[in-house]
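One letter stands for each residue in the lines below.
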Amino acid sequence: MTKTLALTCALAIALGSTLTACSNDGGDAGEPPVGNETLAAALADGDSVREMSDALKDTGLAQVFDGSAAYTVLAPSNEALSALEDQNDLSTDEGRAVLAAVLREHVLPGALTPDDIENAIAVQKGTVSIRTMGEGAMRFAMDGSTLTVTDESGKTAQVNGDAILASNGVVIPIDGVLKQP
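Residues numbered from 1 in each chain as written. Predicted model: local features only at pLDDT ≥ 70, side-chain atom pairs only at ≥ 80, totals over all residues. Heavy atoms only, no water.

Draft legend 1. Looking closely at a negative patch on the surface. A surface patch of like charges, here negative, comprises Asp-54, Asp-58, Glu-85 and Asp-86. At the level of elements, α3 (50-59) and α4 (78-87) are the ones that each hand at least two residues to the negative patch. Tracing the backbone through its elements, the reader meets Asp-86 in helix α4. The class of Asp-86 is exposed, set by a relative accessible area of 69%. (Patch = residues over 30% accessible without salt bridge, like charges linked within 9 Å, V, L, I, M, F, W, Y side chains within 5 Å. Areas by Shrake-Rupley, 256 points an atom, 1.4 Å probe, with all protein chains shown as cover. Salt bridge = Lys/Arg side-chain N within 4 Å of Asp/Glu carboxyl O. Lys, Arg positive; Asp, Glu negative; His and termini not counted. Charge placed at Lys NZ, Arg CZ, Asp CG, Glu CD. Helix = DSSP H or I, 4+ residues; strand = E, 2+ residues; numbered from the N terminus. Buried < 20%, exposed > 50% of the residue type's maximum accessible area, 1.4 Å probe, protein only.)

Below is the structure:
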């Protein structure tokens, strides 16, 4: 219980710094400026996360990211999502439902930048677990200077590229698909 309370406090601190960061237009040194577009638009505009945007549209989840609620999207690379589609028939209704379940596991409530997560890891002196919108959990840790994320089954991905700050959240590119079917 104490560890959960400490994690909640660390994330509250991180969220507070995110909200402060979102109030300026230039960002901190090394942070990209907050965009005026929604997460849905930011995903659609991002070349390295184009497949994630298409998958969200195909499953009907993209409209969630046009609202005012804040989310953090762990966006697998185009190559990783293409490989998932090649291994599974995701064009059927059943396949799209499976894909939607996988994608919900890549969405975290609130707007957290990689710096926010790294700060929470430092406060915890180890790993930080965050519940996903799909009711799973992702564990974040540092591997040297690289931020990694691990799902409940032990599959790990690395943050791979710069975060995209939108008006209602953050897109964090990762190099793999977690929580696969």
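Don't stop here, the text continues.
Draft legend 2. View of the pattern of salt bridges. Within the structure shown, the criterion is met by three salt bridges. With its nearest N and O atoms 4.0 Å apart, the salt bridge here joins Arg-131 to Glu-152. Residue Arg-131 is located in strand β3 (residues 128-131), and its partner Glu-152 is located in the loop between β5 (146-150) and β6 (156-158); the two are separated by 21 residues in the primary sequence. In this structure, Lys-179 engages Glu-152 in a salt bridge whose closest nitrogen and oxygen atoms are separated by 3.0 Å. You can see Lys-179 sitting in the segment after β8 (169-174) and its partner Glu-152 sitting in the loop between β5 and β6, a full 27 residues away along the chain. Take Lys-179: its relative accessible area is 22%, and that puts it in the partly exposed class.

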